[in-house]
Each structure stands twice: as structure tokens, then as C-alpha cells.
Amino acid sequence: MYLLPFFFFFLLITSFCITQVSSQLYHALVAPIHKDHHTSLYTIALTTNNLYDYNYFVVDINAPFSWDTCEYGHYPIACTSQECNQGRTYLSPLCQSSNNLVDGQCYCNVTATNPVTNMCASSQMTYKSLVIAWTNGDHPSVHINFNNVYLSCAPTSFLGSFPYNVTGLASLSWSPLSLTTQFTPSNFEMSRMFAICLPGKSRPNGVVFFGDGPYYLMHFPSDIILSYTPLIRRDNVSAEYYIGVEKILIQGDPLKLKDGTFDFDSSGNGGVMLSTMVPYSILRSDIYHAFLKSFSKATHSYPTVDKIDPFGLCFNTTELKSTRVGLPFPQIDLALSNGTSWTMFGANSMKKIRKGVACLAFVDGGMTAKQAVVMGSHQLENNFLQFDLDTSRLGFSSSLLFRRTNCGNFNFTSDSSWG
């Protein structure tokens, strides 16, 4: 019994010293991803210096930097630092102009935003310590402490639209201030990449890896096989992830759309963006109407029910028997720009509303939508996605359910500090 405090003291000391250990033993970090049932948002669990003191951050793969409420104070950073210049590259047009001088003092002021409510506030850049576990791809191992993780402060009012236990937002974007970049420093001999697997339910947890594979899920005999397509940036400094889509097909039939429908226009609008903050894929109206028409044609023999907001097409599924990949609805394919195809089955295309009723889980974004398509988290669940920032490519599995596994099958149980 008396050995337990010494053991945890040793583990904590090890977490501070691990940066001196050869990184050849490990090439990835791992943390659990939890789905909140009420908000359909996803959180990553990270600890501070105290291994029992969890911080939960909403996962946003497109945010330019992370933020925290800094409830217990914060350390300011120099307004002339590289990190300050990087943060101020992403000043939001939703906020009033924010400068670094306050009462003659120099502070690093940036603009933090809440992507759910579009709230924006001027906030100071700071840094804090975060602890995460190394992994061999199969289970968590020893912890490592990152002493200076840069993020910004944000008002507590930002948390109103988030799960109740959340203290901030975690950025996994292209930005040099994202956790992806900060958790894969060049001296660790790790690739600048992350892989994420969003769970379809609140239990068990999904998983996020920072760094190289292999990545393993229980009940899957080998590392996960992926297809690849280029990751696209809207411009040289944008933080969001886009992919190139040529066509959308319903049961093999392409939607009737104009050439270049999914391209960026001269103002940078358009494109197909991936998102963990939008629950259901949003299609610009011209795409949505063609999509709805084609899907209705392919399901003409299925009994429908009245529409349920925000969805435009709902079905009586009482007589339908679920398959390994969800309800037996027509297959949806994204024909990608490099010739690969991302396939969606019923588990990702349909949303069960209640017993015997399911709706097509895509919504109309209007004709003035900034993006042609925003792929929402429901379409990403139980898909294994690897974002390689060094080579600008996305690895994707399509539905893991087809392979008799899911995002809840990473073995966190080998380390008792993960709940």
C-alpha cells in the first residue's frame, strides 16, 4: 500500500524526463476521444502536471489555435515572440481589431472564437503544461509532459454551447500553433501528422494519435489499411482541411451538377471541407437539391414519413433490418480528384431519430454557403482518418464497420490512468 505514492511520484518524474529518452522506441502519442451525447461534439482528454487532473477540450480540426478559459490565471507571452506572430496571423473578422498595446503595456492579443456560436473575443496568448501518453500503436505507455503548449485564453461564456466538463478547445489544424504541430516537434523524429477515429456512441471512447503508425484496433488483425487523397488548403495560411471531390454518386449514379461545382471560386469560396464541429454534412443548395432528388429516386420503394428538421427526407424503417454497416440504404460515393473513392453506407448516411424512423443525415446550407460541402462528424464516425501535414495527404478507411471493428476498439485498458 505504501508503495503506491512512490509509484505515482516515479511515473510523474518519468513524464518530465522522457524527452531525454530516445524517441526510436515510440513514434506516436495517444489520447481518448469522447462523444458527448447532448451536443454531438467530441472531446479529447489531456492531463496537466497532476496525472489525475484531466482537462477536456472540444476537438476542432480547423481551429487556428487552441484556447482555454484560463480560470486560474495565465502566463503572458512576449508580443514580439514567434508564437505571438503566428497567433496574430489568424485574427478573426468576427472580432473588432485587436492590438498588442493595453495601457502602454505590450501583450500578445489574438482573437479566440467559438465555432458553434460564432462568438469571438480578444484574448491573450499564453502557455500551459499538458501531459499525454506515448504509444506503440497498440496501447498507452509512459507519459510525457509538454511544458509549453501555446494557446489563448477565452471567456467562460464560450463554454455555454460545449459539454459540461469542457474547459476549452483543441486545435488539430494546419496551423503551427495546433496540437498536431506542438505534439510532433522535429527533435522527436516524428512525422507531423495525426490520426483520428470518432466513435459513433458516447461509450466506449474513440482515439486520436499524434505521429507515425502503425495504429491498431482490437479485433483487427493488422494495422489499418488506408486509401489516400491529397489534402488541400484554401490558401497558404488557411488552417482548414479540404479534399478534392469530382463527383457524388448515389448507388453508382452521379448527381447531375455543373462542371466545377466543388471547386473554389475567385474569392476562395467553395471546396469540400472536413469538420468535427458540424454534426451533419452541409451541402450548398444546388448540390443539396440534386442530392435529395437522386436519393429519393434510388429509394422510391422505401416508405417515407414527414420531414423532421433539419433533414429533408425521412423514412419509416420498421420493416428494414440493420446490416453490419447500418440500415440498408443506397451506397453514397465521393469520387475524389486523384481517382480514389470514399464510400458511405447506412451507418454514416442515415440518422436514426427514433424507433422505426431514420432521416438522410445531410442538410441544406443555402445558396450562399461559404463551402460547397462541409463533411460533418456523423459522416466521419467509425472512419479512421490520418492527416499527414508533411505530405499534404489524407488517409481514410471508409467505414470500419465493414471490417468488423470500430473506433471504440483501441486498447486503453492497459493503462489504468485512462478512464
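Here, the structure is the one placed above.
Here goes a summary of the coordinates provided.

Rules behind the numbers
- Residues numbered from 1 in each chain as written.
- Predicted model: local features only at pLDDT ≥ 70, side-chain atom pairs only at ≥ 80, totals over all residues.
- Heavy atoms only, no water.
- Pairing = 2+ DSSP bridges.
- Helix = DSSP H or I, 4+ residues; strand = E, 2+ residues; numbered from the N terminus.
- Contact = heavy atoms within 4.5 Å.
- Axes fitted to C-alpha atoms, helices over the stretch in contact; angles between N-to-C directions.
- Buried < 20%, exposed > 50% of the residue type's maximum accessible area, 1.4 Å probe, protein only.

Moving on: the sheet that holds strand β21 (residues 332-336). The strand order across the open sheet built from four strands is β16-β15-β21-β22, with neighbouring strands paired in antiparallel fashion. Every other strand in the sheet has two partners, leaving β16 (253-254) and β22 (341-344) as the edge strands with one partner each. One ladder, built from four bridges, connects β21 with β22; its direction is antiparallel. By the bridge assignment for β22, A335 is matched with S341. The strands that helix α4 (residues 285-298) touches are β15 (245-250), β16 and β21; relative to β15, the one it contacts most, it runs at about 30 degrees.

Moving on, we get to the environment of S227. Locating S227 in the fold gives a position in strand β13 (residues 227-232). Residue S227 is classed as partly exposed on the basis of its relative accessible area, which comes to 34%. Excluding residues that lie within four positions of it along the chain, S227 makes contacts with L394, G395 and F396.

Counting buried positions along strand β7 (residues 109-114) gives five out of six residues, so the element sits mostly inside the fold. With six bridges connecting them, β7 and strand β8 (residues 119-135) associate as antiparallel partners. Across the sheet, the residue bridging to N109 is Q124, located in β8. Connecting the antiparallel pair β7 and β8 is a turn made up of four residues, with N118 showing a positive phi of about 65 degrees.

Glycine aside, a negative phi is what most residues show, and trans is what most peptide bonds show. In the segment running from R203 into P204, the intervening peptide bond is cis, with an omega of -5 degrees. Tracing the backbone through its elements, the reader meets P204 in the loop between β11 (193-197) and β12 (206-211). For the peptide bond that leads from G213 to P214, omega is 5 degrees, which places it in the cis range. With respect to the helices and strands, P214 occurs in the loop between β12 and β13. With a phi close to 65 degrees, N118 is a non-glycine residue in the positive phi region. With respect to the element layout, N118 can be found in the loop between β7 and β8. Of note, the phi angle at Q251 is positive, near 50 degrees, even though the residue is not glycine.

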